[in-house]
Amino acid sequence: MSVVYIALPAVLLLALAGVIAFVWAVRSGQLDDLETPGMRILGDDEEPPGDDRP
Amino acid sequence: MSNKTLECDHCGLPVPAGLVEPGAERQFCCSGCRLAFDVIQDSGLDQFYRIRERVDEPGRPAASSGRRYQEFDDASFVSLYGRTTSDGLATIDLYLEGVHCAACVWLVERTPIVISGVAECRLDIGRSLATVVWNPDTTKLSEVARFLDSIGYPCHPFRGAATREIERRADRGFLIRIAVAGAVAGNIMLLAFALYGGAFHGIETEYEQLFRWVSMVLSLPSVFWCANIFYRGAWGSLRTRTLHMDVPISVGILAGFGWGWVNTIRGQGEIYFDSVTVLIFLLLVGRFVQRRQQRSAARATELLFSLAPTVARLIVDDEVREVPIQALVPGSLVELRAGDTAPADGVVQDGVSTVDRSLLTGESRPVEVTIDDPVHAGTVNLSGRLLMAVRTTGENTRVGRLMRMVEENARRRAPVVRLADRISGWFVLAVLSLALATLIIWLRLDPEHAVDHAVALLIVSCPCALGLATPLAVAAAVGRAARRGILIKGGDALEELARTGRMILDKTGTITEGRMAVAQWTGDEWARSAAAEMEAQSSHPIALALSTGSHMTPHPAVEVMAHPGRGLTGIWNGRSMVVGSPAFVVEQGAQLNQSFQTHILEVVKAGLTPVVVAADGEVAAVAALGDKVRDDAAASLERIRDLGWSLEVLSGDHPSTVATVASGLNLDGRGGADPEFKAELVKRAAAEGRVVMVGDGVNDAAALAAATVGVGVHGGAEAALAAADIYLSRPGLNPVVELLEGSRRTLGVIRRNLFFSLGYNLVAVSMAMAGLMHPLVAAILMPLSSITVVVSSYRAKTF
């Protein structure tokens with residue numbers, strides 16, 4: 001079980017890396033607007049050919 | 001020819017009969033929509049219409065302003081409002097009018113496809129801000145602005161950069177705290193699993209101690225940095241002698257951490273780091289959601305710039321020069337052509353014309369102006385050329401002062417007291433006394449575990465679910481409401497709307513359609529079609545009323561001459577026609593017999609506008625025009641009254657017209673109220689009790705900001721929407737009823753959530769007092785109570 005002395009710091013370092021990545025995402029402004037990205041997914045479909053124009 | 005009302009191909013609203021082009025493939029309700037449609041088609045962006053259908057959003061007429069935006073190309077402009085990026089591009093935030101739908105996001109963000117040189121255009125719909133990144137060497141900003149304007153989104157430079165920066169930094173700080181709290185809680189939970197497993201099956205002391213110490217050290221950033229918000233709140237609460245929920249939260253966290261720390265050093269006894277850190281995480285999430293629901297203040301300067309033009313036609317030495325309005329000083333002489341918006345307050349020096357004062361009065365009926373009459377910034381000159389001498393400019397104009405009033409009223413408004421805050425008072429006392437009681441009792445029974453039980457009680461009684469109860473219920477309700485076209489900016493308004501109080505409604509555009517229509521026609525029917533033909537080319541509200549929905553004839557009217565403010569003359573079907581006010585018709589030589597004269601007096605007394613149609617010198621008919629009350633008004637107002645609200649009308653229109661409408665609907669009414677008066681009345685009412693203001697015009701904006709809750713209705717001016725807490729994107733008064741009923745249901749969900757959370761707390765506290773609260777049980781109960789609240793909020797059918 002002495003592997004715990006390696007496993008534990010490794011896990012904590014991973015967690016730290018995760019937090020740092022999140023902080024980077026926040027600082028680069030990716031989470032400033034939580035509303036509009038939800039609306040952006042609507043426009044990405046390709047319309048099937050032969051659709052009537054309005 | 002058919003009587004069918006054609007729909008505009010851009011916005012879907014009906015096309016006035018006078019603007020129908022027979023035989024044309026496409027029909028539009030206004031030149032703005034036509035322009036928007038053409039630009040969208042030419043740019044290959046017509047998928048916009050399919051997206052809008054998919055999202056099932058109502059269209060709005062494109063509000064193109066036709067401005068040239070030349071001032072956007074000024075060197076100082078970019079340095080003032082934007083900045084250059086590291087790779088030589090420039091970026092700027094522009095405030096866009098009219099972006100209220102998901103399809104708008106798609107359209108605006110396609111700008112880089114249409115205009116080369118624009119690298120990116122991202123829209124933040126919550127703030128109506130478009131961030132444009134472009135290459136200033138190859139592309140002019142004015143071109144970008146004109147494109148956005150042409151598709152229906154006039155733009156203004158965003159002036160609130162400083163405040164937004166502060167808000168943004170605060171929001172980001174919060175998110176980082178949540179991330180740290182979450183990471184810490186998750187990892188401590190993993191360690192706790194090991195320790196609980198060890199408690200059941202045995203664990204070597206060495207590792208047990210290791211895990212306990214690591215848990216404690218890990219919890220430090222969470223307890224002493226992330227949770228600072230709660231300690232500060234608790235301290236503030238104690239200093240003002242009001243018991244806020246932050247007090248029991250802080251006590252629970254610090255007691256749990258403190259006792260766990262003692263036991264870690266002692267090497268024995270229970271530790272509570274897992275519960276405490278999960279608590280901090282969940283509470284922070286709840287707090288974050290709550291922050292986002294708070295009402296955003298309206299910004300006066302933003303609003304003002306959407307109302308007044310940015311350039312003016314200054315007359316210098318008999319020459320007209322276009323200058324920015326900042327260049328105007330009192331005494332400047334400004335030219336107003338037909339269709340121009342007045343850039344400042346002043347007095348007419350020369351010219352005769354009619355002016356649209358709806359900005360300040362709410363009525364779009366044109367008002368005649370001549371020499372020595374006042375002109376207000378933001379009003380639109382309609383028919384003739386005017387020369388005006390400037391008296392006041394910018395923020396000192398009447399509309400500028402109104403916008404400042406909007407900002408002040410919004411800022412001074414008392415914050416909403418939430419139901420949850422109200423019960424936190426006795427909650428704190430109850431928890432602290434029970435903990436004390438537990439300590440005392442157990443010190444007698446089993447002194448070794450006494451502190452354990454007391455600390456366990458403090459932790460499990462921590463209002464975690466309680467802190468989530470309101471924000472989640474409100475967030476879920478706001479989301480559902482948005483899908484029904486009810487856009488709620490300030491979620492805490494929902495609790496207020498769930499109760500009763502005074503509801504003050506604007507008349508024009510809110511209770512009434514906001515357009516003139518023919519209420520009564522006395523006389524020959526053929527005269528109706530004749531009048532329609534005569535009025536077909538004019539866009540005056542009276543003309544639209546007479547021509548919409550009337551049978552068109554095979555004979556168009558010719559030689560039509562408009563006499564501003566009085567009427568039209570022309571030839572129709574070989575007959576010499578006059579359509580206009582009674583005085584005008586008499587002037588033109590027609591005779592008004594006694595019965596018509598009496599009838600006209602009755603029309604005026606009823607608050608309607610009489611329009612006389614005469615052919616070849618003989619009066620053929622009299623039309624009574626008025627603003628029709630909405631079809632659903634009576635029923636909706638009755639339901640609102642049933643819900644317990646007292647109703648009244650407050651309007652800028654003539655007192656007699658308002659009285660007629662009000663009595664027809666069985667309400668109290670008051671007319672002749674200018675925007676300042678409306679704001680004063682609502683402000684005083686809000687100080688005495690709950691007041692909800694429902695309105696649509698710029699003249700309602702200050703009142704909307706002063707009310708406890710301001711509701712802006714469909715078709716409203718941008719400034720009114722910015723000042724209101726809630727915007728109804730569907731026409732009519734029925735959405736108001738839905739809003740009130742939905743708010744009641746939301747309050748019901750909040751109560752249910754509070755009931756559940758308190759229930760959990762009760763069970764947990766009882767177990768703790770009985771000495772049965774093992775940390776494992778606490779660690780399970782808390783997420784369970786939170787999940788219950790989440791499920792209860794998001795499955796509720798509030799809207």
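The notes below deal with the structure included here. Since we're looking at a predicted model, the values are computed, not measured.

### Observations regarding the overall build of chain A
Scanning chain A for helices and strands turns up two helices and zero strands. Every one of the 54 residues in chain A was classed for burial, and the buried ones make up 19%. Carbon together with sulfur atoms contributes 67% to the accessible area of chain A, which is approximately 3900 Å² in total.

### As for empty space enclosed by the protein
Residues and elements named next belong to chain B. For the structure shown, the criterion picks out six cavities of 30 Å³ or more. By volume, the largest cavity amounts to about 130 Å³. Lining the largest cavity are 14 residues, with Val460, Tyr760, Asn761, Met782 and Ser785 positioned closest to its centre. For the lining of the largest cavity, the secondary structure elements donating two or more residues are helix 17 (464–483), helix 29 (734–769) and helix 30 (775–794). A class-by-class count of the residues in the lining of the largest cavity yields eleven nonpolar, three polar and no charged.

### Looking at the nonpolar core
The nonpolar side chains of a soluble globular protein tend to be buried, and buried together. Residues and elements named next belong to chain B. In terms of nonpolar packing, the biggest core is built from 110 residues, with Ile253 and Met503 touching the most fellow members. The contacts of Met503, once residues within four sequence positions are left out, are Ile640, Trp645, Ser646, Leu647, Glu648, Val692, Val694, Val736 and Leu740. Within the second largest apolar cluster, 47 residues are counted, among which are Cys11, Phe72, Val78 and Trp134.

### Describing the packing of helix 17 of chain B against helix 29 of chain B
All names here are of chain B. Interaxial distance between helix 17 and helix 29 falls to 9 Å at its minimum, and their mutual angle equals 155 degrees. Our classification of the angle between helix 17 and helix 29 gives roughly antiparallel. Of the two possible hands of crossing, helix 17 and helix 29 adopt the one that is right-handed. Contact residues: Ala465, Leu466, Ala469, Thr470, Ala473, Val474 and Ala477 in helix 17; Thr746, Val749, Ile750, Asn753, Leu754, Ser757 and Leu758 in helix 29.

### Quick word on the state of the cysteines
What the rule picks out here adds up to zero disulfides over all chains. You can see Cys462 of chain B has no disulfide; the closest cysteine sulfur is in Cys464 of chain B, sitting 7.3 Å from it.

### Observations regarding helix 20 (residues 526–535) of chain B
Most of helix 20 of chain B is tucked away, with eight of its ten residues classed as buried. Listed as buried for helix 20 of chain B are Ala527, Ser529, Ala530, Ala531, Ala532, Glu533, Met534 and Glu535 of chain B.

### Some details on the layout of surface pockets
Of the pockets and cavities examined, the second largest pocket occupies roughly 790 Å³. Taken together, 28 residues form the lining of the second largest pocket, with Asp32 of chain A together with Asp93, Thr131, Arg164 and Arg168 of chain B sitting closest to its centre. When residues of the lining of the second largest pocket are traced back to their parent elements, those giving at least two are helix 2 (36–40) of chain A together with strand 1 (82–84), strand 2 (90–96), strand 3 (118–124), strand 4 (129–134) and helix 7 (161–201) of chain B. Counting residues per element, the lining of the second largest pocket draws most heavily on helix 7 of chain B, at six residues. Split into classes, the residues belonging to the lining of the second largest pocket amount to nine nonpolar, six polar and 13 charged.

### Focus on helix 14 (residues 398–412) of chain B
With 15 residues, helix 14 of chain B extends 21 Å from end C-alpha to end C-alpha; this agrees with the ideal 21 Å at 1.5 Å per step. If you check which residues of helix 14 of chain B are buried, you get Arg398, Val399, Gly400, Leu402, Met403, Val406, Asn409 and Ala410 of chain B.

About the criteria used
Residues numbered from 1 in each chain as written. Chains lettered and ligands numbered in written order. Predicted model: local features only at pLDDT ≥ 70, side-chain atom pairs only at ≥ 80, totals over all residues. Heavy atoms only, no water. Helix = DSSP H or I, 4+ residues; strand = E, 2+ residues; numbered from the N terminus. Buried < 20%, exposed > 50% of the residue type's maximum accessible area, 1.4 Å probe, protein only. Areas by Shrake-Rupley, 256 points an atom, 1.4 Å probe, with all protein chains shown as cover. 1 Å grid on protein atoms, 1.4 Å probe; cavity = no way out; pocket = protein on both sides within 12 Å on 5 of 7 lines; lining within 4 Å. Points joined across faces, edges and corners; volume = space filled by probe spheres on them. Nonpolar A, V, L, I, M, F, W, Y, C, P; charged D, E, K, R; others polar. Core = buried A, V, L, I, M, F, W, Y, C linked by side-chain atoms within 4.5 Å. Contact = heavy atoms within 4.5 Å. Axes fitted to C-alpha atoms, helices over the stretch in contact; angles between N-to-C directions. Parallel < 35°, antiparallel > 145°, perpendicular 65-115°, else oblique. Left-handed = near helix turned anticlockwise from the far one by under 90°. Disulfide = S-S within 2.5 Å. Expected span 1.5 Å × (residues − 1).

Such coordinate-based values are descriptive only and should not be taken to indicate function.
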